[in-house]
Amino acid sequence: MAETHVLFVEDDDVIREATQLALERDGFMVTAMPDGLSGLEAFRADRPDIALLDVMLPGLDGVSLCRRIRDESTVPVIMLSARADSIDVVLGLEAGADDYVTKPFDGAVLVARIRAVLRRFGHAGGSPGDPGEPGQAGEDAVLTFGDLEIDTEGMEVRRAGEPVALTPTEMRLLLEFSSAPGTVLSRDKLLERVWDYGWGGDTRVVDVHVQRLRTKIGQDRIETVRGFGYKLKA
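Per chain, residues are indexed from 1 in the order of the written sequence. In view of the model being predicted, local features appear only for residues whose pLDDT reaches at least 70, and side-chain atom pairs are presented and counted only at 80 or more, with totals across whole chains, interfaces and linings using the full set of residues. As a rule here, side-chain values come from all non-hydrogen atoms in the structure, and water together with hydrogens is ignored.

What makes two strands pair is DSSP finding at least two bridges between them. Going along the chain from the N terminus, every DSSP run of H or I of four or more residues is numbered as a helix, and every run of E of two or more is numbered as a strand. In space, the four strands of this open sheet follow the order β6-β7-β8-β9, with antiparallel pairing throughout. Looking along the sheet, the strands with just one partner apiece sit at the ends: β6 (142-145) and β9 (162-164). The mean inter-strand angle of the sheet, taken between neighbouring strand axes irrespective of direction, is 25°. Sheet topology places β6 next to strand β7 (residues 148-151); four bridges connect them, and they run antiparallel. By the bridge assignment for β7, L143 is matched with I150. Relative to β7, helix α6 (residues 168-179) is tilted by about 105°, and along the sheet it contacts β6, β7 and β8 (156-159). Lines fitted to C-alpha atoms define the axes here, with helix axes fitted over just the stretch in contact, and angles between the N-to-C directions of these axes take values from 0 to 180 degrees. In this description, contact between two residues means that some pair of their heavy atoms is separated by no more than 4.5 Å.

Now the structure itself:
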């Protein structure tokens, strides 16, 4: 099996070198860059399987780098932030990041988050079409909700006949909602099912992804049930 290629962009020399060594010991191939511009060049040259981006980077900051990557690719992105309560976390998620990890981080936690993201993107242990996953093929391969059509076999979405470009995380989130239309799904449940968290996670990840999904499929398609979670309007 080919090694998973990680692009790691971090301006702190000590953190960059120590994290690179830790990831390589866990079997990852790592390209480590010290700033956003060199990170973007490496991304375009190497096309890694996943990108780890520090928020605070010289030249081109991590949020802007994430946005540039997302303009070109749906490759999974994890942001690294020094402060859990920072607005940078939300900005990174809004820019298209799939998850974030707060610094200082434990190496085992970082590896677990990387593997969780890769699993839902179809790397290293699963893909959206595996048995038991949302979006399984069956008689109702194309689901329709008003002007929204979801092809659960082809992993394609159309709104009013026009294709909708979703990241794999957004697609899995939509598949969770469409598998139980009209049913309220809590943020914790969505973290468990979509982000593969076997532990408590930051529900802002869910909220930002729901908002991103709404902008693509219609603001009124996913309803907020205050104090409980979200549901897809049947």
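That covers the picture; the talk isn't over yet.
Before going further, it helps to examine the packing of helix α2 (residues 36-46) against helix α3 (residues 62-72). One can describe the packing of α2 onto α3 by two numbers: an axis separation of 10 Å at closest approach and a directional angle of 20°. Our classification of the angle between α2 and α3 gives roughly parallel. Remark: the crossing between α2 and α3 carries right-handed chirality. Judged by residue contacts, G36, G39, L40, F43 and R44 of α2 engage L65, R68, I69 and E72 from α3. Looking at the contact of α2 with α3, its residues break down into four nonpolar, two polar and three charged. Angular relationships are summarised with four words: roughly parallel below 35 degrees, roughly antiparallel beyond 145, roughly perpendicular across 65 to 115, and oblique for the angles in between. By convention the crossing between two helices is left-handed if the near helix lies anticlockwise of the far one by an angle smaller than a right angle, and right-handed if it lies clockwise. As a working rule, the residues Ala, Val, Leu, Ile, Met, Phe, Trp, Tyr, Cys and Pro are called nonpolar, Asp, Glu, Lys and Arg charged, and the rest polar, with Gly in that last group.

What follows concerns the pairing of β7. In β7, alternate side chains face the same way, and those of L148 and I150 are buried while those of E149 and D151 on the opposite face are not. Once β6 ends, the chain turns through two residues before running back antiparallel as β7, passing G146 with a positive phi of about 60°. Sheet analysis places β7 next to β8, joined by four bridges and oriented antiparallel. By the bridge assignment for β8, L148 is matched with R159. In textbook terms, the turn of a hairpin is the stretch between consecutive antiparallel strands, and for β7 and β8 this stretch comprises four residues, one of which, M155, has a positive phi near 55°. Partly exposed residues are those whose accessible area sits between 20% and 50% of the maximum for their type, while under 20% is buried and over 50% is exposed, using a 1.4 Å probe and protein chains only.

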